[in-house]
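Architecture at a glance
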Amino acid sequence: MSRPAPIADWVTIPDLYRDPFPIYDRLRAEGGVHWVPSVGRYLITSYDAVHTTEFDQETFSANEEGSLQIRAMGHSMLRRDDPEHYPERKAWQPVLRPGVVKRTWTSVFERNADRYLDEMIAKGPGADIVWDFAAPYAAENLREILGFHNVHQEDLQRWSQTLIDATGNYADDPEVWAKGKRSFDEVDAALDEMLAWHAKNPDHSLISTLLRIPDYEMPIEKIRANVKMTIGGGLNEPRDALGVAAWALLEHPDQRRAVEADPSLWPAVFDEAIRWIAPIGLYSRQVTTDTVLAGVQLPAGAKLGICILSANRDENIWPDAAKFDIRREVTPHLAFSKGVHVCLGAWVAKAEVATVGLPRLFERLRGLDLHPERPAVIGGWVFRGMLELPVTWDAATAAVHAPET
Ligand code: HEM
């Protein structure tokens, strides 16, 4: 037996932005598949329903009609289904593999972490973890991985934010489109220059590697779209994972003490942080044929919002799902998605946040604490992360010089 989709006309976008979790709790309790008029999509909120969509690309296509992401960034692998999607994914893989992350990128992350921590300590004893550390650190890491030797990390931060804003420009604000278009053109110009440079000066970066894939030449439009998508997807997410994990530890001193006493727990901190608050909160899919999901009828052409923030809090999978708890049993969360689009940057993200960024932050800033007067602020539902994370530390004992590595 199937039923028409229940209508959740009580859901508003400002409420989702402020705190989506009570809304998602109710949507899951009511079955996990709803038509939500304010969003103009069916929202898929239960773990099981999300999981089903991720493993059936024939019914739940990533290649959405009228996609804002395609308008903002071009048509990347993220908006394609197989078989078209696969060769592009394969071309991106070599630079992001676990072995390459270990051999090549981890030492880059160490250098960058120390650089931005040095600058933060020099500025302190008070600063904002997101804007003084996590953002420039993630941006500089991505700049080096991509091989943009002709721009600064600030350029990547601006590109990432304006391209993401354009991707979420459901209000069709012309100013948002204009800023997105400016970044679109800037990325293309910088990329053209770097493709010529890397042709003569090969290195470990993604742009360099793309020029050397045997038997495959990626058309320039595809390179451009995928580079923009990687800028949009590879910067704000590790920044937000780092910010949320740091906030969670500062709010839970017992768990902070546990990981400071046993550094092998850092990967658990990372995974629990992105389970608890998934940096990519929602992504889109489109139904290709009339179907039924979790007992609810979905017509061909229906646009879906796959709500990872919600699925990762499903009580059927995680008891006390709203609690941050690094000691919970390991169950694979959905923050990196599953299926054919599972995140290609997961190993990069883990290394930059769990292996390097968080341990160094807590090791070097002794007495790190939330600012007594300026509260931490969190927001977002399509993407969610710390908007502000003001902290203080003990200036007398902060390690002013980076440890030898
Ligand atoms: C904690 C950090 C990160 C999170 C939570 C995250 C999350 C995700 C998610 C949910 C998807 C699938 C989206 C969809 O199916 O529509 C995805 C795809 C992707 N991510 Fe990440 N990501 C992170 C970091 C990174 C980094 C650092 C990079 C690159 C350096 C990256 C590169 C990619 C790429 C290229 C894809 C597309 C894969 C495909 O379509 O086959 N991500 N990511």
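Scroll up to find the structure this text is about.
All of these numbers come straight from a predicted model, not from anything done at the bench.

Let us look at the packing of aromatic side chains. Counted under the stated rule, the structure contains eight aromatic pairs. Relative to tyrosine 42, the ring of tryptophan 35 lies with its centre 5.0 Å away and its plane at 65°, an arrangement referred to as edge-to-face. Look at tryptophan 35 and you get partly exposed, because its relative accessible area is 28%. What makes tyrosine 42 buried here is its relative accessible area of 12%. Measuring from ring centre to ring centre gives 5.5 Å for phenylalanine 148 and tryptophan 159, while their planes differ by 70°; the resulting arrangement is edge-to-face. Of the two residues, phenylalanine 148 is situated in the loop between helix 7 (129-146) and helix 8 (153-167) and tryptophan 159 in helix 8; the sequence distance between them amounts to eleven residues. Assessed through its relative accessible area of 0%, phenylalanine 148 is described here as buried. The ring of tryptophan 177 carries arginine 71 above its face, with NZ or CZ at 3.5 Å from the centroid. The ring centre of phenylalanine 184 lies 3.6 Å from the NZ or CZ of lysine 228, which sits over that ring.

Looking now at the state of the cysteines. Two cysteines whose sulfur atoms are joined by a covalent bond form what is called a disulfide. Throughout the structure, instances matching the rule amount to zero disulfides. Of all cysteine sulfurs in the structure, the one in cysteine 343 sits closest to cysteine 307, which takes part in no disulfide; the separation is 19 Å. Of the residues examined, cysteine 307 reaches a relative accessible area of 0% and is grouped as buried. Using a relative accessible area of 32% as the deciding quantity, one classes cysteine 343 as partly exposed.

Within this structure, the stated rule accounts for 27 salt bridges. Close ionic contact of arginine 115 with glutamate 119 constitutes a salt bridge, the shortest N to O distance being 3.8 Å. Taken together, the residues span about one helical turn, with arginine 115 and glutamate 119 both in helix 6 (residues 98-123) at a distance of four residues. Close ionic contact of arginine 239 with aspartate 240 constitutes a salt bridge, the shortest N to O distance being 3.0 Å.

About the criteria used
Residues numbered from 1 in each chain as written. Predicted model: local features only at pLDDT ≥ 70, side-chain atom pairs only at ≥ 80, totals over all residues. Heavy atoms only, no water. Phe/Tyr/Trp six-rings, centres within 6.5 Å; stacked < 30°, edge-to-face > 60°. Buried < 20%, exposed > 50% of the residue type's maximum accessible area, 1.4 Å probe, protein only. Helix = DSSP H or I, 4+ residues; strand = E, 2+ residues; numbered from the N terminus. Lys NZ or Arg CZ within 6 Å of the ring centre and 35° of its normal. Disulfide = S-S within 2.5 Å. Salt bridge = Lys/Arg side-chain N within 4 Å of Asp/Glu carboxyl O.

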